Amino acid sequence: MAEPKENLQMEKIVSLCKRRGFVFQSSEIYGGINGFWDYGPLGAELKRNVKELWWHAMTRQRDDVAGLEATIIMSPQIWKASGHVDTFADTMRACLLTKKLVRADQVEPQSGTVIRYAGVYRRSQENKQFWNLIEEFAPSLQNIEMLQDLLKKNLSESDLRQASIDTGNSDRFDEIKENPKHLEHLKVIASRYHADALFKDCSILLPLGKPVESAQKLANQFYTQNECVDFILLGERTEKVNNSTDFHPESGMMLTEARPFNLMFKTHTGPIESGENIAYLRPETAQAIFAQFKNVLETSRQKIPFGIAQVGKAFRNEITPRNFTFRSREFEQMELEFFIKPDEVIEAIHGKVASAADVSSRVCKNADSPRSDEARLQSNWGWQAWHQYWVEERVRFYEGIGLDRSTLGFHIQTKEELAHYARACTDILFKFPFSKKDDDGNVAGDELEGIAARSDFDLSQHQRFSGKPMGVFDEELRAAWAKLPKEKQDDLWKRYYDNRKNYLTKSAKPDETPEQISKQATDDANGLAKGQYIPHVIEPSAGVDRLILALIANAYSEVTETDDKGKSETRVTMKFHPRVAPFKAGIFPLLKNKPELVKKAQEVLELLRPWMNVFYDEGGSIGKRYARQDEAGTPFCVTIDFDTLGEKPELNLKDTVTIRHRDDGKQERVAISELLNWLLPKIR
Ligand code: GAP
């Protein structure tokens, strides 16, 4: 069967990544380790550029975001408060034969013929006289009772006599034989004695075109694993199944029941491994931001609305890491927690909350037009407007590093998909080569980033678990509240109270009573009059590794050319946006054995090096050097030739270089003195 095109595309990408040093399998010399990847020289540069660009756009370019770099291991209480200890789990199922795990929600529905076995009959010294009989009736024996019935009907006198010896009744054998009730009892005992079977279901979805024998083979392996040595299969049945998710996609063997599996990697702090010093490798960077919210607020002199950004490693013990780096066990996240005023507070201060539609018209859509400056941000934005704003901002970011809108998709999470505390979540998707097509052939894509409106859940949880106040004081609110008419105060109070009560009820600890919850919600709502509230949060959370994979897949382009002799060659060009490209320019002396050319090229190298990552190459023909840089994704190649040295004064080209553009091969001549100014705006 032909390989699906998208798999071939991924194979090419994976192979290029290894060949050119973008991504290597972790621990490759020891056979690798599933779900872990290393970035080689080009990949490390690409990744660094992406993280720098994100950091730049999210913090340095803004007045309203501060940065944080927290530890990977934190107090385990953080993960209790966040809910990760209790609920950060996927359900998994295992192949009964290979023990390979799959995520229950990721098993593709399969249809076809299933061969089911009820169990096996094990051969022993004592039961070998029944072997032919069992063989004859094997398919009809579905359970132990049927097997015993069969044996009962075929017991010989010597079997019964043996049973009477085994039960200590040998001297009464003749008497027992004559008494139907006692004889029946003896038969039952004798048949049990010989019913040496293991009844344990084993079902196999027969791969298309495979004979039943292949299922028998798998069943034999399964029962052998269950400590059966010499046996015959019992109760073989054939059944048609449609869209079943009960079989392992590779082996066809039946899967175990679904079980929850916590995805956090556990470790211990200190030399003693005990329950008291359990710690977790963080499964997301976000929680450190919530835990340090008060410290950052106080030291950065920010006011709500403002955000805290962090880039760093996260670890999840994924059941089935897959699609190259897309789902890994160790990966990096770029997360922003943007803290905003609750809608009731906006309404108290501004009289009205701006609608989300108001945002779209304000935010620039084109990534290369001047960014949406903060003058556009409105103080009357509520959570919907801020959520919309961040979705737009993040799309602009992706466009700005070369991912066209047409390569992206969106998934707006449904009520059923949303976490109980979340008000909305929009996933930004990228159309990866492995992304699924719907029935009409459309590709939605797979998640690059989620932008969630998480209410005040996270800060509230940390307030409750740590006992430290996470609320803020807002003088504007206090002053505005005092001037509100009584009915407005009552209306806002009630809405805030209801929201708090709802949160407190859903997150209540077992020993909390409804009275305590109502009292806490009342205290929280009373805080409004004093200018106090717990901020809400909008969270744009992106994965670095998924973005790198998206950029690589997006950049990959190949051309196959056939020469006069019919020999064809495929050339790969990685069309990275210059902002993310690992090297910004290749610097080539035309010939390596001409010291004047080499000297000049070295001068150009030293000129550019403090400003950007450049690659010096003097080996091989210029064509080969271009090809090498095309594969690395270098957007510009700078060649120092004899005109640079001014060998033909009449051309007036002394101290100029040739710049060759990667994507269309066009060349232009630029003065060395102008080179930096020419390059810088293109790569920033
Ligand atoms: N704090 C919210 C949070 O962590 P998430 O959707 O679980 O949300 C955010 O993760 C992003 O992190 C995802 O959109 C994805 O880009 C990335 N990510 C999550 N799990 C990943 C994995 N196993 N491998 C690679 N990237 C992952």
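Since we're looking at a predicted model, the values are computed, not measured.

This brings us to the pairing of strand S13 (residues 306-315). Along S13, nine of the 10 residues are buried, which leaves the element largely enclosed by surrounding structure. Sheet topology places strand S3 (residues 65-67) next to S13; three bridges connect them, and they run parallel. Among the inter-strand pairings, Val-65 is bridged to a residue of S13, identified as Gly-307. Judged from the 10 bridges that link them, S13 and strand S14 (residues 330-340) form a sheet pairing that is antiparallel. Paired with Ala-309 across the bridge in S14 is Leu-336.

Looking now at the nonpolar core. Nonpolar side chains in soluble globular proteins generally cluster together in the buried interior. With 64 residues, the main nonpolar core has Tyr-398, Leu-547 and Phe-576 as its most contacted residues. Residues contacting Phe-576, with those up to four places away along its chain left out, are Phe-22, Leu-46, Leu-551, Ile-552, Ala-555, Ala-581, Pro-582, Ala-632, Gly-633 and Arg-662. Counting 45 residues, the second largest nonpolar core, distinct from the first, contains Ala-288, Leu-492, Leu-504 and Ile-534.

So, on to unusual backbone geometry. For the peptide bond that leads from Ile-304 to Pro-305, omega is 5°, which places it in the cis range. With respect to the helices and strands, the residue Pro-305 is situated in the loop between helix H12 (293-300) and S13. Phi is positive for Asn-323, which is not a glycine, with a value near 55°. Within the fold, Asn-323 resides in the loop between S13 and S14. Positive phi values are uncommon outside glycine, yet Ser-455 reaches one of about 55°.

A few words now on the side chain of Thr-285. Note that Thr-285 resides in the loop between strand S12 (278-280) and helix H11 (286-291). Apart from residues lying up to four places away in sequence, Thr-285 is in contact with Gln-310, Gly-312, Lys-313, Gln-333 and Glu-335.

Rules used throughout
Residues numbered from 1 in each chain as written. Predicted model: local features only at pLDDT ≥ 70, side-chain atom pairs only at ≥ 80, totals over all residues. Heavy atoms only, no water. Buried < 20%, exposed > 50% of the residue type's maximum accessible area, 1.4 Å probe, protein only. Helix = DSSP H or I, 4+ residues; strand = E, 2+ residues; numbered from the N terminus. Pairing = 2+ DSSP bridges. Core = buried A, V, L, I, M, F, W, Y, C linked by side-chain atoms within 4.5 Å. Contact = heavy atoms within 4.5 Å.

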